[in-house]
Amino acid sequence: MQAFSGTFGALSGRSGYVVRSGFCGRRVVGTGGFSKVSRLRKGFSVVKAVAAETKTATKEEENIDLPTNESNEELLRMRHTTAHVMAMAVQRLFPNAQVTIGPWIDNGFYYDFDTEEPFSDDDLKKIKKEMDKIIREDLPLIREEVTREEAEERIKSINEPYKLEILEGLKEPITLYHLGDKWWDLCAGPHVESTGKLVPKAIALESVAGAYWRGDEKKAMLQRIYGTCWETPQQLKEYKRVKEEAKRRDHRVLGKKLNLFSIQEEAGGGLVFWHPKGSRIRRTIEDFWKDEHEKDGYELLYTPHMANVELWRTSGHLEFYHESMFDQMQVEKETYQIRPMNCPFHVLIYKDGMKSYRDLPLRWAELGTVYRYERSGTLHGLFRVRGFTQDDAHIFCLPTQLEDEMTRVLELVERILGRFGFTKYEIMLSTRPEKSVGSDDIWEKATQALLNSLKNKGWDYSIDEGGGAFYGPKIDIKIRDAIGRLWQCSTVQCDFNLPERFDMTYIDSDGTKQRPIMVHRALLGSIERFMGVLVENYAGDFPLWLAPEQIRLLPVTAEAMDYCIQSKKELTDKGIYAQVDNSGDRLAKMIRNGEQQRIPLLAVVGAKEVESGTLSVRGRKIGDFGALSVPEVVAGIKKAVAEAGVFTPPS
């Protein structure tokens, strides 16, 4: 993610994992690129926001809570060291293999190699066996600081051209890490004390993939070996179980099976087509989102999908983000740019007239569709696309209002995410980096306001010292899903840069012009990505309030069809998503089809129901509710929707 105003790429259209580079100790977003975003702080604390487990969670899932790099620095060190052990093993077995980068990632590590032949499954087994030997050798991890010239001389002596290129991008001090006296690599750490600290039975090599050097298709194709590393064999076993469960929940598979969305290659990669059922879910999400924002004092905006390129020059996007922007277009001798962000549009609305301190705070929200260029090889279902709708909002406020506004945002985060069943978070506060804009005073006050807002909520958090954007501190919130995975979701970010670039002002109480503080915030990230998270979290079993088809009527006989059609109209007139199964199949097959489509309620209609004017309702995973009138069904569904709960017949 480039460091500039309004950048929500990592949490909206993108699913790029976060890695920390083995050779420079920096966090990198995506694959291949290297940009300094933050420095690791020792002593992470884990969010303790305790919540009831989802109904789909098993006892096994509750018993083993897999640690993360953020919550367990020792695990992070183990993963980094394991990457080095793997690279050493590869070069022992394949002396001509050249190493490039080897960072830790969310669940393990990877290393990229330039090899004569691709690695096979048999090769992975041999590499793992050699890794086990290295671990048993209990080699110490030794840090050595060298001059740039000395590093260059050593690299040339072992003929590692990729290391030379890496060295060019490093700042002093230049450090090497040695595994005993047998292997070394450019690296800033951190690592465990010795290879003997690793647990062979808690390590697995998972797969091999092609990866372009530096993520550039014009450069060499490398072989990337992915692995996972844990503290205990039990954690590895649980990780494998969760991984298999994740395959079952894959939103791309379920999206097709449930007819929710598609990516039409004829139209172009990374562009989402929402089918009727998926569109109903999206509409429900958006309506809820809009209602909650209006209740919280936001006003909704609509802005254009493109603008004159000079707007993006002023905002800084053209300079800092041009690689992720689509090509420009000529319109009547002027150059226009399709938008990658919504922020500059909201700024222009702010500037459309003088503002007084009495007008602030202003809270403006927009479900704004943006377009960003992504390489075709990085596109991934709904998680990484080229066109997506951000749940964007901006707050313009006085410095004295910032703490209250931040607290309000966190309360809104809790209400909105809680509606979907997400009540367990990991929270990170990122502070001022070495290079930044804005005065010491405004940084100190803004950071303190964010800290106080977290304390006001009683939430635990970790601090990423120096990890903020150059234009302001931020809070990032990850949610934990039904199988324990973490998803980056909400971001709240102060911005001292855009107000300066656009000369934004308000008239203060003393008659002087002052700069407002601008806050960027996204709660869901993007509708597309959040939809993918929901599909996988629920495994396609949407709760009644979100279900695209809430009830299906199953006519047992042809004579019951007219009554089903009449009942469907009564239900839909009351805002219920109802359908009639007109397949003519036997009842058992209609029920099975309804179950496979994960429809919450099925209503059997035969001669008895027609005569009594009722529906025999059964709930998915709940059981039979017996004969209910249409008004009773409507009341039960309405109650479940209002409470985001399960269907219960009126008493």
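Please read these numbers as outputs of a predicted model, since none were measured by experiment. (Residues numbered from 1 in each chain as written. Predicted model: local features only at pLDDT ≥ 70, side-chain atom pairs only at ≥ 80, totals over all residues. Heavy atoms only, no water.)

A. Spatial organisation of the pattern of salt bridges. Evaluated as defined, the whole model comprises 51 salt bridges. Here Glu145 makes a salt bridge to Arg143, at a shortest N to O gap of 3.9 Å. Judged by its relative accessible area of 52%, Glu145 falls in the exposed class. Overall, Arg143 belongs to the partly exposed group, its relative accessible area being 46%. Of the charged contacts in the structure, one is a salt bridge between Arg620 and Asp541, with a shortest N-O distance of 2.5 Å. (Salt bridge = Lys/Arg side-chain N within 4 Å of Asp/Glu carboxyl O. Buried < 20%, exposed > 50% of the residue type's maximum accessible area, 1.4 Å probe, protein only.)

B. Expanded view of the domain arrangement of the protein chain. Once the domains are mapped, the protein chain shows domain 1 (73–245), domain 2 (268–303 + 342–538) and domain 3 (551–643). One C-alpha centre belongs to domain 2, the other to domain 3; they are set 41 Å apart. Each partner contributes to the interface: domain 2 provides 5 residues, whereas domain 3 provides 7 residues. When the two sides are added together, the surface that domain 2 and domain 3 hide from each other amounts to roughly 400 Å², 29% of it contributed by carbon and sulfur. On the domain 2 side of the interface with domain 3, the three residues burying the most area are Lys277, Arg280 and Arg419, jointly 83% of the side's total. Across the contact surface, domain 2 and domain 3 share 3 residue pairs in polar contact (both at pLDDT 80 or more). No other element matches the 4 residues that helix α8 (residues 276–295) contributes to the side of domain 2 that touches domain 3. Here the residues of the side of domain 2 that touches domain 3 are counted per class, giving no nonpolar, 1 polar and 4 charged. (Domains from an automatic or database assignment. Contact = heavy atoms within 4.5 Å. Buried area = accessible area lost by both parts, 1.4 Å probe. Polar contact = N/O pair within 3.5 Å; in protein donor to acceptor, adjacent residues only side chain to side chain. Helix = DSSP H or I, 4+ residues; strand = E, 2+ residues; numbered from the N terminus. Nonpolar A, V, L, I, M, F, W, Y, C, P; charged D, E, K, R; others polar.)

C. Spatial organisation of the packing of helix α2 (residues 73–93) against helix α3 (residues 121–136). At a minimum axis distance of 8 Å, the contact between α2 and α3 shows a crossing angle of 115°. Crossing of α2 over α3 shows right-handed handedness. Along its contact with α2, which presents Thr82, Val85, Met86, Met88, Ala89, Val90, Arg92 and Leu93, the element α3 presents Lys126, Ile127, Glu130, Met131, Ile134 and Ile135. Its residues assigned to classes, the contact of α2 with α3 comprises 10 nonpolar, 1 polar and 3 charged. (Axes fitted to C-alpha atoms, helices over the stretch in contact; angles between N-to-C directions. Left-handed = near helix turned anticlockwise from the far one by under 90°.)

D. Expanded view of the nonpolar core. With 67 residues, the main nonpolar core has Leu402, Leu417, Phe420, Leu534, Phe542 and Leu546 as its most contacted residues. Those residues within four positions of Phe420 in sequence are excluded, and the remaining contacts are Ile285, Phe288, Phe530, Leu534, Asn537, Tyr538, Trp545 and Leu546. Residues Phe109, Tyr111, Ile135 and Leu139 belong to the second largest nonpolar core, which totals 31 residues. (Core = buried A, V, L, I, M, F, W, Y, C linked by side-chain atoms within 4.5 Å.)

E. Helix α16 (residues 561–573), seen in detail. Between its first and last C-alpha, α16 extends 18 Å over 13 residues, near the 18 Å set by a 1.5 Å rise per residue. Buried within α16 we find Tyr563, Cys564, Ser567 and Leu571. Projection of α16 onto a plane perpendicular to its axis shows the buried side chains occupying an angular sector of 100°, all on one side. Structural note: α16 exposes Asp562, Lys569 and Asp573 on the side pointing more than 90 degrees away from its buried face. Buried residues along α16 sit against β26 (551–555), β27 (578–580), β28 (601–605), α18 (607–612), β29 (615–619) and α19 (630–643). Among the residues trailing α16, Gly575 stands out with phi positive, at a value near 85°. (Expected span 1.5 Å × (residues − 1). Arc of directions from axis to C-beta.)

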